[in-house]
Amino acid sequence: MGSFQSLPDDHPYRTLSQKTGFSLEQIAILHNRFKQLSQNEETLRRDDLQTIQDLESNPIRYEIIEAFFDKRNFQKDDVGSVDEIGFEEFLTVMSYFRAPAHNITEEQKEEMRRAKLRFLFNMHDTDNDGTITLEEYRHVVEELLSRSGALGRETAKGIADAAMLEVASISVGPMAPDEFYEGITFEHFLKILKGIEIETRMHIHFLNMDTTVFCKHHSA
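Rules used throughout
- Numbering of residues starts from 1 in every chain and runs along the sequence as written.
- Whole-chain, interface and lining totals are the exception, using all residues; otherwise, since this is a predicted model, local features are given only for residues with pLDDT of at least 70 and side-chain atom pairs are given and counted only at 80 or more.
- Calculated side-chain values reflect all of the structure's heavy atoms, with hydrogen atoms and water omitted.
- Elements are defined by DSSP. Helices are runs of H or I of four residues or more, strands are runs of E of two residues or more, and each kind is numbered from the N terminus.
- We define a polar contact as two N or O atoms separated by no more than 3.5 Å, with the added condition that, inside protein, one atom must be a possible hydrogen donor and the other a possible acceptor, whereas residues neighbouring each other in sequence contribute only through side-chain atom pairs.
- We call two residues in contact whenever any of their non-hydrogen atoms come within 4.5 Å of each other.
- Salt bridges are defined as contacts in which a side-chain nitrogen from Lys or Arg sits within 4 Å of a carboxyl oxygen from Asp or Glu.
- For the exposure calls, accessible area comes from a 1.4 Å probe over protein chains only, and a residue counts as buried if that area is under 20% of its type's maximum, exposed if over 50%, partly exposed in between.
- What counts as an axis is a line fitted to C-alpha atoms, over the stretch in contact for a helix, and the angles between N-to-C directions run from 0 to 180 degrees.
- Reported orientations rely on four angle classes, namely roughly parallel under 35 degrees, roughly antiparallel over 145, roughly perpendicular from 65 to 115, and oblique for the rest.
- Handedness of a crossing follows from how the near helix is turned relative to the far one, being left-handed for an anticlockwise turn of less than a right angle and right-handed for a clockwise one.
- Lys, Arg, Asp and Glu make up the charged group, whereas Ala, Val, Leu, Ile, Met, Phe, Trp, Tyr, Cys and Pro make up the nonpolar group; the residues left over, Gly among them, are polar.
- Expected helix span is taken as 1.5 Å per residue step, with the number of steps being one fewer than the number of residues.

Draft legend 1. Main features of the side chain of Arg72. In this structure, Arg72 sits in the loop between helix H5 (61-67) and strand E2 (84-85). At 2.7 Å, the side chain of Arg72 forms a polar contact with the side chain of Asp70. Among residues more than four places away in sequence, those in contact with Arg72 are Asp78, Val79, Tyr96, Asn122, Asp125 and Asn128.

Written out as structure tokens, the structure is:
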């Protein structure tokens, strides 16, 4: 650990640590994994992620991979997608799965939660029109609940189906025959998921490391 602390102030890892919240040691571990996935190339492509076995059975495999190439997730106020990403973009996307540190303020925790939910929303708002469908929302809830470990897939699916119907009545309400449902906006999304704890449920295993455990060792 001491070798990382002795890095010069202008070392790229220090800048990345400030941007993403990862420790210097965590960044080094993720950089090694990035190089493994990219076969020591400077950039990572979709094909590199599609070969990961742990992703094969994931029901949102396509959405997860696309999230790494979505400019909206790079924290640079840009839109569209790219064909390849460098380590900084890879690390920035990984930071959305980072569990919050214990010593952050409520304001920082809320900001982090909002960023995670925006990431989830973007993952399903594939055409970037600012809305997701009720079916896509049901998918999000099902994934969050089933990943908690406390509920089985079928139970989570049942709750998600009920949540979808509830959202339909709350966000849509009575509609005239000639009205058109435009979908759930991000603000609706925030209100709807207010009661669901996501801070420690957004994690991925496909990098051969459990980011839930991995990130809890970080002390900001």
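Draft legend 2. Representation of the environment of Phe119 within the structure. Here Phe119 is to be found in helix H7 (residues 106-124). C-alpha of Phe119 to C-alpha of Asn73: the two residues are 46 residues apart in sequence and 6.6 Å apart in space.

Draft legend 3. Spatial organisation of the pattern of salt bridges. For the coordinates displayed, the defined rule picks out nine salt bridges. Between Glu84 and Arg45 there is a salt bridge whose closest N-O contact spans 2.9 Å. Here Arg45 lies in strand E1 (residues 44-45) and Glu84 lies in strand E2, a separation of 39 residues in the sequence. Judged by relative accessible area, which is 38%, Glu84 ranks as partly exposed. On the basis of relative accessible area, Arg45 is assigned to the partly exposed category, the value being 40%. The partner of Glu66 in a salt bridge is Arg46, and the shortest N-O contact between them spans 2.8 Å. Note that Glu66 is positioned in helix H5 and Arg46 in helix H4 (residues 46-50), a separation of 20 residues in sequence.

Draft legend 4. Highlighting the packing of helix H2 (residues 12-20) against helix H6 (residues 87-94). The interhelical angle for the contact between H2 and H6, taken along N-to-C directions, is 30°, at an axis separation of 10 Å. The orientation of H2 with respect to H6, classified from their angle, is roughly parallel. Two packed elements cross with a definite hand, and for H2 against H6 that hand is right-handed. Along the contact surface, H2 presents Leu16, Lys19 and Thr20, while H6 presents Phe87, Glu88, Leu91 and Thr92. Across the contact of H2 with H6, the residue classes tally to three nonpolar, two polar and two charged.

Draft legend 5. Region of interest: unusual backbone geometry. We note that Gln75 has phi near 60°; this positive angle belongs to a residue other than glycine. A relative accessible area of 43% places Gln75 in the partly exposed class. The phi dihedral of Asp77 is positive, around 55°, even though this residue is not glycine. Among the structural elements, Asp77 can be located in the loop between H5 and E2.

Draft legend 6. H7, seen in detail. A rise of 1.5 Å per residue sets the reference length of H7, with its 19 residues, at 27 Å; its end C-alpha atoms lie 27 Å apart and thus fit the reference within 8%. Turning to H7, its buried residues number three or more, namely Met112, Arg113, Lys116, Leu117, Phe119, Leu120, Phe121, Asn122, Met123 and His124.

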